[in-house]
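Here is how the chains run, residue by residue.
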Amino acid sequence: MSASEQPQTDPPPTYEQAAARVEEIIRRLDSGEASLNETLDLVKEGKGLIEVCARELAAVGDALEELKLDELVGRLEREAPPT
Amino acid sequence: MSTSPFSAPPEDAGIPGSTLAGPFPVGEYAAALRAKLRSLTRVQLVGELVNLRPSRARVYFELRDADGAIPCAVWLKDWEAMLAGDAAAPAEGMQVVVAGGCDYYPGSATSSPGFSFAVTDLRLAGEGDLLARIDRLRKQLDAEGLLDPQKRLYQPVLPRTIGVITGESGKARDDILAALARRGWAGRLVWGFAPVQDRHAAPAIVRALSDLCAVGRAEVVIVARGGGSLADLLCFCDETLCRTVALLGTPVIASVGHHTDRTLLDDVAAVSCSTPTHAAEAAVGVDCERARADQANAAARLRHHAERAVRPRGEQAAVAGRLRDHARQAVLARARLLATLSRAPATHLDRQRTRLHQELREVRAASTRRVASERRRTREYALALRRATDMSIADCRRRRPRELEQLALALAGHDPQRTLERGYVLVGTTDGEPLLTASRAREADEVKLRFADGTIPAKIDRT
């Protein structure tokens, strides 16, 4: 079952899904075949997807965060509750 | 010392107290060493060919087995002749037999010396054991279906976290950073530094892979190492490492050695790249800067379509606005006209009022004149009447008594009372209306009989 067939429990679309859908929407709008209602629906959906893309791009666009695995493991081990 | 091949050293030039001969010029000694090595018996050696390095004039490689190694060199023309004679070209990891002898390049003031086994002939000693072992493992992994699982994993084109396993001091690290920067990617990069070419490498890489996925939450992992001999890259053919990668839930991008090298890790990984730069580009599937521009463009296009979609309503609104303007203009014009028309009666009234006032003044003037005239005429009439009255009164005073007397006589002659006094009866209705005919008297039931001295009721007898 594809993600789009699961109501309510749908995970947010990935960047590539969102970007591909936006391209599809714009192709449909550019074709000029969409009715007024469909156009408004597609524009609304497209804006939401662009926000998803922008969020994903912003997450990898602010500043490179470099971590060393050894330090990360050590930190997590220190933070772990004693058994 | 007369038998020494070296020139005599100067007096007191050596180390005081040393019993050794010399000091001799190093160049002479190096030449003597070369001569000595070249005089050694020429032999055949067998071992694994590794670290093959062709250059412009010579081809270098090492012949190695478990106990030691010898650097070898062969002139390029001899190497090509050897390739022409054999069906298969010698390659890394193959067992080969070489023939030749020791040689020494004494160096110079500007170049370094070097020892090598000068190879004059070579033949393959069957397929190299190492390559054969690797090939057997590859076939086994393939038979178990372990070359495919990684390739079926979902790999995000825009991961937020990337894990990298490489040597801490290797050039691969800089190449990856530079490639990610060119992509415009600045997410979370977790480095899992590990040895990448000794017997400790494979277990360390396995541990780093597991930790990167579990602790670092990497969405994709790059395993990178620069070029090297097959022996150097042997750790990337480790069975445990390959099985771990094959069953890992996170896609692994392998970038081990140069494009001519092929390790088992390249076979089991999701993606195999020839360089760390390519691996970084494979990890981030989009140019983030371009993607940002594309999204901005897409947003603009959506805005354009949205505006175009609602434009008819806007046009309707504009038309409605224009109609409102026209209506307002029309209403204003009508209002101005009505105001003009409404002022017209007032103007007319004013005009009429003025005219009436004028006429009134004229009438008043005329009436005043007329009254004066009439008054004058009236006075004249009154005067005339008075004179006439005076004359008439005088005349009446003279004639009236006699006329009254005559009139009284005439009137008495017509008085019915005088007739009644002579015995006549006047028959009338009960209302006093005279009944002048017998037929009318018969029609009445009751009548009144008026005598000179009174009235009595009577009934009509119709019999």
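Residues numbered from 1 in each chain as written. Chains lettered and ligands numbered in written order. Predicted model: local features only at pLDDT ≥ 70, side-chain atom pairs only at ≥ 80, totals over all residues. Heavy atoms only, no water.

## A closer look at the overall build of chain B
Inference 1: Looking only at helices and strands, one finds 12 helices and 13 strands in chain B.
Inference 2: Put simply, chain B has 463 residues, and 30% of those count as buried.
Inference 3: Of the contacts made within chain B by residues no fewer than 6 positions apart, 62% connect residues no fewer than 24 positions apart.
Inference 4: Summed over all atoms, the accessible surface of chain B reaches about 29,100 Å², with 55% contributed by carbon and sulfur. (Helix = DSSP H or I, 4+ residues; strand = E, 2+ residues; numbered from the N terminus. Buried < 20%, exposed > 50% of the residue type's maximum accessible area, 1.4 Å probe, protein only. Contact = heavy atoms within 4.5 Å. Areas by Shrake-Rupley, 256 points an atom, 1.4 Å probe, with all protein chains shown as cover.)

## Side note on the nonpolar core
Inference 1: In this structure, A:Tyr15, B:Leu158, B:Ile162, B:Ile176, B:Leu180, B:Trp185 and B:Ile222 are the most contacted members of the largest nonpolar core, which totals 42 residues.
Inference 2: Those elements that place two or more of their residues in this core are helix 1 (15-31) and helix 2 (36-59) of chain A together with strand 6 (161-166), helix 5 (171-183), strand 7 (188-193), strand 8 (220-225), helix 9 (276-283) and helix 10 (288-413) of chain B.
Inference 3: Once you skip the residues sitting within four places of it in the chain, B:Ile176 turns out to touch B:Val164, B:Trp191, B:Ile222, B:Ala224, B:Pro276 and B:Ala280. (Core = buried A, V, L, I, M, F, W, Y, C linked by side-chain atoms within 4.5 Å.)

## What about the sheet that holds strand 1 (residues 43-54) of chain B?
All names here are of chain B.
Inference 1: One closed barrel accounts for five strands, arranged 1-2-3-5-4; its pairing is mixed. Between one strand axis and the next, the sheet turns by 55 degrees as a mean value, whatever way the strands run.
Inference 2: Bridge analysis of strand 4 (residues 95-105) against strand 5 (residues 114-124) gives 10 bridges, and the strand direction is antiparallel. Along strand 5, the bridge assignment pairs Gly100 with Val119.
Inference 3: Strands strand 4 and strand 5 of the sheet are contacted by helix 1 (residues 26-39), whose axis makes an angle of about 145 degrees with strand 4. (Pairing = 2+ DSSP bridges. Axes fitted to C-alpha atoms, helices over the stretch in contact; angles between N-to-C directions.)

## A short note on the confidence of the model for chain B
Residues and elements named next belong to chain B.
Inference 1: Residue-level pLDDT values for chain B average 84, and 91% of them are 70 or greater.
Inference 2: Element-level mean pLDDT values for chain B span from 77 in helix 11 (residues 416-420) up to 94 in strand 3 (residues 68-75).
Inference 3: Interface scoring of the predicted complex returns ipTM 0.76; its pTM is 0.50. (pLDDT = per-residue confidence, 0-100.)

## A look at the interface of chain A and chain B
Inference 1: Listed as interface residues are 35 residues of chain A and, on the opposing side, 40 residues of chain B.
Inference 2: Each partner contributes to the roughly 3,200 Å² buried at the junction of chain A and chain B, and carbon and sulfur atoms together form 65% of this total.
Inference 3: The three residues of chain A that bury the most area against chain B are A:Leu57, A:Val60 and A:Leu69, which together make up 20% of that side's buried surface.
Inference 4: There are four salt bridges connecting chain A and chain B.
Inference 5: Here A:Lys68 makes a salt bridge to B:Glu168, at a shortest N to O gap of 3.3 Å.
Inference 6: Applying the counting criterion to the chain A and chain B interface returns 13 residue pairs in polar contact (both at pLDDT 80 or more).
Inference 7: It is helix 2 of chain A that contributes the most residues to the side of chain A that touches chain B, 12 residues altogether.
Inference 8: Residue composition of the side of chain A that touches chain B, by class: 21 nonpolar, four polar and 10 charged.
Inference 9: Two elements, strand 1 (residues 65-68) of chain A and strand 7 of chain B, share four bridges in a ladder whose sense is parallel. (Buried area = accessible area lost by both parts, 1.4 Å probe. Salt bridge = Lys/Arg side-chain N within 4 Å of Asp/Glu carboxyl O. Polar contact = N/O pair within 3.5 Å; in protein donor to acceptor, adjacent residues only side chain to side chain. Nonpolar A, V, L, I, M, F, W, Y, C, P; charged D, E, K, R; others polar.)

## Considerations on the environment of B:Cys72
Residue and element names in this part refer to chain B.
Inference 1: Inspection of the secondary structure assignment puts Cys72 in strand 3.
Inference 2: Cys72 sits 46 residues away from Ala118 along the chain, and the two C-alpha atoms are 6.0 Å apart.
Inference 3: Aside from chain neighbours lying at most four places away, what touches Cys72 is Val59, Tyr60, Phe61, Leu63, Ser116, Phe117 and Val119.

## Things to note about the pattern of salt bridges
All names here are of chain B.
Inference 1: Scanning all chains against the criterion turns up 24 salt bridges over all chains.
Inference 2: For Lys459, the salt bridge identified is with Glu446, shortest N-O distance 3.2 Å. Taken together, the positions of Lys459 in strand 13 (residues 454-459) and Glu446 in strand 12 (residues 446-451) put the pair 13 residues apart, joining distant regions of the chain.
Inference 3: Since its relative accessible area comes to 43%, Glu446 is described here as partly exposed.

## Quick notes on the packing of aromatic side chains
The description of an aromatic ring pair uses the distance of the two centres, along with the angle that the planes make with each other.
Residues and elements named next belong to chain B.
Inference 1: Scanning the entire structure with this criterion turns up two aromatic pairs over all chains.
Inference 2: Ring plane angle 45 degrees and centroid distance 6.0 Å describe the contact between Phe61 and Trp79, whose orientation is recorded as tilted. Of this pair, Phe61 sits in strand 2 (residues 58-65) while Trp79 sits in helix 2 (residues 76-85); the two residues are 18 residues apart in sequence, bridging distant segments of the chain.
Inference 3: Measuring from ring centre to ring centre gives 5.5 Å for Trp191 and Phe193, while their planes differ by 5 degrees; the resulting arrangement is stacked.
Inference 4: Here Arg58 stacks its cationic end above the ring of Trp75, 4.4 Å away from the centre of that ring.
Inference 5: Looking at Arg173, its charged tip hangs above the ring of Trp191, at a distance of 5.2 Å from the centre. (Phe/Tyr/Trp six-rings, centres within 6.5 Å; stacked < 30°, edge-to-face > 60°. Lys NZ or Arg CZ within 6 Å of the ring centre and 35° of its normal.)

## Considerations on helix 3 (residues 69-79) of chain A
Inference 1: Taken residue by residue, helix 3 of chain A has A:Leu69, A:Leu72, A:Val73 and A:Gly74 as its buried positions.
Inference 2: Where the residues of helix 3 of chain A are buried, they touch strand 1 of chain A together with strand 7 and helix 6 (201-214) of chain B.

## Re the pairing of strand 2 of chain B
In the case of a regular strand, side chains alternate between the two sheet surfaces.
Residue and element names in this part refer to chain B.
Inference 1: For strand 1 and strand 2, the ladder comprises five bridges, and the chain directions are antiparallel. Residue pairing across strands places Pro54 opposite Val59, the latter belonging to strand 2.
Inference 2: In this structure, the hairpin formed by strand 1 and strand 2 is closed by a connection of three residues.
Inference 3: Taking the residues that link successive antiparallel strands as the turn, the strand 2-strand 3 hairpin has two residues.

## What to know about the confidence of the model for chain A
All names here are of chain A.
Inference 1: On average, residues of chain A score 80 in pLDDT, and 86% of them are at 70 or above.
Inference 2: Summarising per-element confidence for chain A, the mean pLDDT is lowest in helix 3 (78) and highest in helix 1 (89).
Inference 3: The low-confidence segment residues 1-6 (pLDDT under 50) makes three contacts with residues lying over four places distant or belonging to another chain.

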